[in-house]
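Working through the structure, step by step
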Amino acid sequence: MNMHLEYTDTFGGEPNYAWVTRKSTEIPKGFTENSIIRLAKAMLGLSDVPCDTEDHGDTITLYPIDQNTVVFITFSED
């Protein structure tokens, strides 16, 4: 399974895309949500940043506290 990350700025709480960082990696099936979030944060240099988290089923969204940014985590079976 592949995990895709999209990290961008926000404006008024909405994704703004004035800049964006995209990354992908392969993860084993059965990874827990907490493991996925830890890996995503590590890949983006956010390991020590607390985040609010929303799980939408096919997308996990992270909102780093006091950062005016957002991370979208999506998956594919490539």
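Residues numbered from 1 in each chain as written. Predicted model: local features only at pLDDT ≥ 70, side-chain atom pairs only at ≥ 80, totals over all residues. Heavy atoms only, no water.

The next point concerns the sheet that holds strand E1 (residues 2-11). Taken in spatial order, the five strands make up an open sheet running E2-E1-E5-E4-E3, and their pairing is antiparallel. Looking at strand neighbours, the two that pair on one side only are strand E2 (14-26) and strand E3 (51-55), the edges of this open sheet. Strand after strand, the sheet turns through a mean of 20° between neighbouring axes, direction not considered. As defined by bridge partners, E1 adjoins strand E5 (residues 69-76) across eight bridges and the pair is classed as antiparallel. Within E5, the position partnered with methionine 3 by the bridge is phenylalanine 75. Packed on one face of the sheet, helix H1 (residues 33-43) meets E1, E2, E3, strand E4 (59-64) and E5 and runs near 60° to E1. (Pairing = 2+ DSSP bridges. Helix = DSSP H or I, 4+ residues; strand = E, 2+ residues; numbered from the N terminus. Axes fitted to C-alpha atoms, helices over the stretch in contact; angles between N-to-C directions. Contact = heavy atoms within 4.5 Å.)

With that out of the way, let us pick up the packing of aromatic side chains. Within the structure shown, the criterion is met by one aromatic pair. Look at tyrosine 7 and tryptophan 19: their rings are 5.2 Å apart centre to centre, the planes differ by 80°, and that puts the pair in the edge-to-face class. Residue tyrosine 7 is found in strand E1, and its partner tryptophan 19 is found in strand E2; the two are separated by 12 residues along the sequence. (Phe/Tyr/Trp six-rings, centres within 6.5 Å; stacked < 30°, edge-to-face > 60°.)

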